[in-house]
Each structure stands twice: as structure tokens, then as C-alpha cells.
Amino acid sequence: MRIAIAVGAVAIVLALVLIALFLWRLRTLSHRVGSFECAKYTGNRWLAGIASYTRDHLDWYEVVSLSLRPTTRWERRELDILDRSRRELDGRLSSVSEARCVYRDEEFLLAANDQSLDGLRSWLEAAPPDPNTSRIV
């Protein structure tokens, strides 16, 4: 009986530690400067995530994970938004839009609120000149 109680207590403590780590990770990711909630379409389903700008990359972290590494990383110079469309809910336009993006000739969808996608477009357009191609004549 004591072994069962001890095993149960250990399981409860481990579950609480995992929940605490999960919540800490979400809080840390969502409070970074330049982060926003963003879903990615994987071809058969949407995955909830948090995207975060860095100087040269857009990092995307899947919400349901304990990993501190991004699930996907897109280089700023090779990512582009092709078009956007607003979602409809019950016949009304939503504040969430879907952006059709391309990265290294591969298309995918991102869904986020309009302000976040506006910020993403601005970040992409504000990229510094590429030192490999910029020339002063």
C-alpha cells in the first residue's frame, strides 16, 4: 500500500512539474518582444503556435511542446507573403486572416490576427540590404 501511495505521489509531482514547465515555456515565448500567436497549416491540419522575430529569422514554436527550440525557422530573405484573405465566422469577417506564404519555393499558410500579419509584412519589407548583392555604383 505504501508503494502505491509513493508511486502515486511521484506521478502527481512529475505531472505538476511538466505542467509548470509547459506554462513557463508558453509565458516565456509569448512575452518575447516581437512574438505573436500564429497557426501554421501543415497540409492536413492547423497547428497552434507562437511566432517570434529575430534579426534574420522568423521562428515558429508549436504550442503543445516542451521544446525550447523552434519547430520551424524561416530565413527572412527567403520568406514572402503572396496574399492574404480574411476568415469568415457565421457570415461575418473575422479579425483573423490567412496568409499564403512562400519559403524556398514551398507554399504554406499562416493564420494570425490582422495586426500580427501587418507586422510580419513590415518586418519582411524592412530587411536590411543583402551585403552579397548590394553595390554602390
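Note that the coordinates shown come from a computational prediction; the quantities given were computed from them, not determined experimentally.

Draft legend 1. Local environment of the UniProt feature "transmembrane region" (unreviewed entry) in the protein. As annotated by UniProt and renumbered to match this structure, "transmembrane region" (unreviewed entry) occupies residues 6-24. In this annotation, residues 6-24 is assigned 100% helix and 0% strand; the end-to-end C-alpha distance for the span is 27 Å.

Draft legend 2. Spotlight on the pairing of strand E6 (residues 92-103). Bridging between strand E5 (residues 79-89) and E6 involves 9 bridges; their strand directions are antiparallel. Paired with Arg84 across the strands is Ala99, a residue of E6. Joining the antiparallel neighbours E5 and E6 is a turn of 2 residues, in which Asp90 adopts a positive phi near 55 degrees. In the sheet, E6 pairs with strand E7 (residues 106-113) via 8 bridges, with the strands oriented antiparallel. Bridged to Tyr103 within E7 is Glu106. Count of turn residues in the E6/E7 antiparallel hairpin: 2 residues, of which Arg104 carries a positive phi of about 50 degrees.

Draft legend 3. Focus on the pattern of salt bridges. Tallying each qualifying case throughout the model produces 12 salt bridges. Here Asp114 ties to Arg84 by a salt bridge, and the two come within 3.7 Å at their closest N and O atoms. With a gap of 30 residues between them, Asp114 in helix H2 (residues 114-125) and Arg84 in strand E5 connect regions that are remote in the sequence. A relative accessible area of 14% places Asp114 in the buried class. Among the residues examined, Arg84 registers a relative accessible area of 34% and is labelled partly exposed. In this structure, Asp114 engages Arg86 in a salt bridge whose closest nitrogen and oxygen atoms are separated by 3.2 Å. Taken together, the residues span a long stretch of sequence, with Asp114 in helix H2 and Arg86 in strand E5 at a distance of 28 residues.

Draft legend 4. Just unusual backbone geometry, in detail. For Arg104, which is not a glycine, the phi torsion comes out positive at approximately 50 degrees. Checked against the element boundaries, Arg104 lands in the loop between E6 and E7. Given a relative accessible area of 48%, Arg104 falls into the partly exposed group. Despite not being glycine, Asp105 shows a phi value in the positive range, around 65 degrees. Looking at the secondary structure, you find Asp105 in the loop between E6 and E7.

Draft legend 5. Main features of the nonpolar core. Membership of the largest hydrophobic core comes to 19 residues, with the highest contact counts inside it found for Leu58, Trp74, Leu79 and Leu120. Of all elements in the fold, only strand E1 (35-41), strand E2 (46-53), strand E3 (57-62), E5, E6, E7 and H2 reach the threshold of two or more residues within this core. If we ignore the near neighbours within four places in the chain, the residues touching Leu79 are Leu58, Trp74, Cys101, Val102, Tyr103, Phe108 and Leu124.

Draft legend 6. Seen up close, the side chain of Arg25. By the element assignment, Arg25 lies in helix H1 (residues 2-30). Among buried charged residues, Arg25 stands out as having no salt bridge; its nearest opposite-charge side chain is Glu62, 7.5 Å away. Ignoring anything within four residues of it in the chain, the contact list for Arg25 reads Tyr61, Glu62, Val63, Ser65, Leu66, Ser67 and Leu68.

Here is what the cut-offs are and how they apply
Residues numbered from 1 in each chain as written. Predicted model: local features only at pLDDT ≥ 70, side-chain atom pairs only at ≥ 80, totals over all residues. Heavy atoms only, no water. UniProt positions renumbered as here; feature names shortened; annotations may be inferred. Helix = DSSP H or I, 4+ residues; strand = E, 2+ residues; numbered from the N terminus. Pairing = 2+ DSSP bridges. Salt bridge = Lys/Arg side-chain N within 4 Å of Asp/Glu carboxyl O. Buried < 20%, exposed > 50% of the residue type's maximum accessible area, 1.4 Å probe, protein only. Core = buried A, V, L, I, M, F, W, Y, C linked by side-chain atoms within 4.5 Å. Contact = heavy atoms within 4.5 Å. Lys, Arg positive; Asp, Glu negative; His and termini not counted.

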